[in-house]
Amino acid sequence: MTCSIIIRAFNEEAHIGKLLNGIKQQETHTDLEVILVDSGSKDKTVQIAESYGTKIVRIRPEEFSFGRALNLGCQHASGDILLFASAHVYPVYTNWIDQMLKPFEDPKVALSYGRQIGNHQSKYSEQQLFAKWFPAVSNYNQQIPFCNNANTAIRRSLWEELPYDETLTGLEDLHWASEILQRGYRIAYDADATIVHVHEETPRKVFNRYYREAIAFKRLKPMAKFSLWDFAYLSVSNLMSDYVTAIQERVFWKHITEIPVFRILQFWGTYQGYRFIGTLDRTLRERFYYPNEVFRREKPATQEPLAMKQIAYE
């Protein structure tokens, strides 16, 4: 099967080269079609991508949504499998793409997604989220509609039947996963298809991310509720959980102020997003997308870990 990689980007010159270099170092699939969907970058993102032979597709900022950008990239792709990667991620191992494509040997698998981890730049609380959402155990028949398009692959034939919802402010990946499960297909999680996900977010961006995702979740689940009690309880309980883990890892003092800032903004953004009523005007769209500028299938216990070659980055 053939594969196309689709990357959404906006001002990612600090990261895009590392991702493209990681793609270049893959042991197989060395002649991949790589497509960058750029939404108005004013830095060197496009030039760096072009130096790696990447195909550039442009979308105007005023037309941007996560779903629309993905659909545009898919329209320009020719692969049987469409692999999505955020511009600020990079693969850990040279068999990343092999592991992402492996689940598609089962014709009932419509979507695969891989593990995400953080690095030294990641907020401590977000690393706890990565550990919760992306465990070290694979599951090739996941029963819940979860995935994340920072490291996900889907069958092109199914995308043609079911394009991404372009009106959502986020969670277009969860919406697609939910729809595909209802059609009788499978979702596979491969814990060995690992990428590092770098979020260099200001407190405002943390709030904004969870705000727009809450608006999208409310669209998908209109009866869902998130009260002030939920905000208070979840903020405090997650904060305390992070503190306990930080103490156990002996990094408490390093993250003592960072943890409450992240957790409070995470759930305050969620609370405010649930309260949002109305439609997205241009100003709100720009705030969302351009904040600064315009049950698990366990592997046999006796199975040896995969011998994976790690990518060397400078």
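Reading guide: rules and limits
- Residues numbered from 1 in each chain as written.
- Predicted model: local features only at pLDDT ≥ 70, side-chain atom pairs only at ≥ 80, totals over all residues.
- Heavy atoms only, no water.
- Helix = DSSP H or I, 4+ residues; strand = E, 2+ residues; numbered from the N terminus.
- Buried < 20%, exposed > 50% of the residue type's maximum accessible area, 1.4 Å probe, protein only.
- Areas by Shrake-Rupley, 256 points an atom, 1.4 Å probe, with all protein chains shown as cover.
- Phe/Tyr/Trp six-rings, centres within 6.5 Å; stacked < 30°, edge-to-face > 60°.
- Lys NZ or Arg CZ within 6 Å of the ring centre and 35° of its normal.
- Salt bridge = Lys/Arg side-chain N within 4 Å of Asp/Glu carboxyl O.
- Contact = heavy atoms within 4.5 Å.
- Expected span 1.5 Å × (residues − 1).
- Pairing = 2+ DSSP bridges.
- Axes fitted to C-alpha atoms, helices over the stretch in contact; angles between N-to-C directions.
- Parallel < 35°, antiparallel > 145°, perpendicular 65-115°, else oblique.
- Nonpolar A, V, L, I, M, F, W, Y, C, P; charged D, E, K, R; others polar.

Student: With reference to specific residues and values, describe the overall build of the chain.
Tutor: Broken down by element type, the chain carries 12 helices and 9 strands. Residues counted as buried form 54% of the 314 residues belonging to the chain. For the chain, the accessible area works out to roughly 15,300 Å², and carbon and sulfur atoms hold 53% of it.

Student: Explain the packing of aromatic side chains to me, using residue names and the numbers behind them.
Tutor: Here the structure, examined in full by the defined rule, presents 19 aromatic pairs. Note on Phe 84 and Tyr 164: the rings are 5.8 Å apart at their centroids and 70 degrees apart in plane angle, and the pair reads as edge-to-face. Pair noted here: Phe 84 is in strand S4 (residues 81-86) and Tyr 164 is in the loop between helix H6 (156-161) and helix H7 (172-182), with a separation of 80 residues, a long-range link. Among the residues examined, Tyr 164 registers a relative accessible area of 4% and is labelled buried. Here a set of aromatic residues connected by ring pairs shows up, and it is made of Tyr 113, Phe 130, Trp 133, Phe 134, Phe 146 and Tyr 189. Its end group placed over the ring of Tyr 90, Lys 18 keeps NZ or CZ at 4.1 Å from the ring centre. Over the aromatic face of Tyr 185 sits the side chain of Lys 108, whose NZ or CZ is 5.0 Å from the ring centroid.

Student: Break down the pattern of salt bridges for me, citing the residues and quoting the values.
Tutor: Enumeration according to the criterion identifies 11 salt bridges in this entry. Of the charged contacts in the structure, one is a salt bridge between Arg 186 and Asp 106, with a shortest N-O distance of 2.7 Å. Separated by 80 residues along the polypeptide, Arg 186 in strand S9 (residues 186-197) and Asp 106 in the loop between helix H4 (96-101) and strand S6 (109-117) bring together distant segments of the chain. Accessibility expressed as a relative area gives 32% for Arg 186, which makes it partly exposed. The shortest N-O distance in the salt bridge between Arg 219 and Asp 165 comes to 3.6 Å. Taken together, the positions of Arg 219 in helix H8 (residues 203-220) and Asp 165 in the loop between H6 and H7 put the pair 54 residues apart, joining distant regions of the chain.

Student: Please provide a residue-by-residue account of the environment of Val 198, values included.
Tutor: Locating Val 198 in the fold gives a position in the loop between S9 and H8. Taking relative accessible area as the criterion, Val 198 reaches 4% and is therefore assigned buried. Separated by 82 residues in the primary sequence, Val 198 and Gln 116 place their C-alpha atoms 9.7 Å from one another. In this structure, Val 198 is in contact with His 15, His 88, Tyr 90, Asn 119 and Gln 121, ignoring residues within four places of it in sequence.

Student: Give me the lowdown on H8, citing residues and values where you can.
Tutor: The α-helix advances 3.6 residues per turn, and as a result positions three or four apart in sequence lie on the same side. Over its 18 residues, H8 extends 26 Å from the first C-alpha to the last, a length consistent with the 26 Å expected when each residue adds 1.5 Å. Considered for burial, the residues of H8 that qualify are Val 206, Phe 207, Asn 208, Arg 209, Tyr 210, Tyr 211, Arg 212, Ala 214, Ile 215 and Ala 216.

Student: Break down the pairing of strand S1 (residues 3-9) for me, with residues and values.
Tutor: In terms of residue burial, S1 counts as a mostly covered element, since 7 of its 7 residues are buried. Here S1 shows no split at all, with Cys 3, Ile 5, Ile 7 and Ala 9 on one side and Ser 4, Ile 6 and Arg 8 on the other all buried. Where S1 meets S4, 6 bridges bridge the pair, whose relative direction is parallel. Directly across from Ile 6, in S4, lies its bridge partner Phe 84. As paired strands, S1 and strand S2 (residues 33-38) are joined by 6 bridges and run parallel to one another.

Student: Describe the packing of helix H5 (residues 124-133) against helix H9 (residues 228-248), with residues and values.
Tutor: Packing of H5 against H9 leaves a shortest axis separation of 10 Å and a crossing angle of 95 degrees. When the axis of H5 is compared with that of H9, the two are roughly perpendicular. Across the interface between the two elements, Tyr 124, Ser 125 and Gln 128 from H5 touch Asp 242, Thr 245 and Ala 246 from H9. In terms of residue class, the contact of H5 with H9 is made up of 2 nonpolar, 3 polar and 1 charged.

Student: I'd like a rundown of the packing of H5 against helix H11 (residues 258-275), residues and numbers included.
Tutor: It is the contact of H5 with H11, at a shortest axis distance of 8 Å, that shows an interaxial angle of 60 degrees. Between H5 and H11, the contacting residues are Tyr 124, Ser 125, Glu 126, Gln 128 and Leu 129 on the first element and Glu 258, Ile 259, Phe 262, Arg 263 and Gln 266 on the second.

Student: How would you summarise unusual backbone geometry if you had to cite specific residues and measurements?
Tutor: Positioned with a positive phi, Leu 171 is a non-glycine residue whose angle comes to about 65 degrees. With respect to the element layout, Leu 171 can be found in the loop between H6 and H7.

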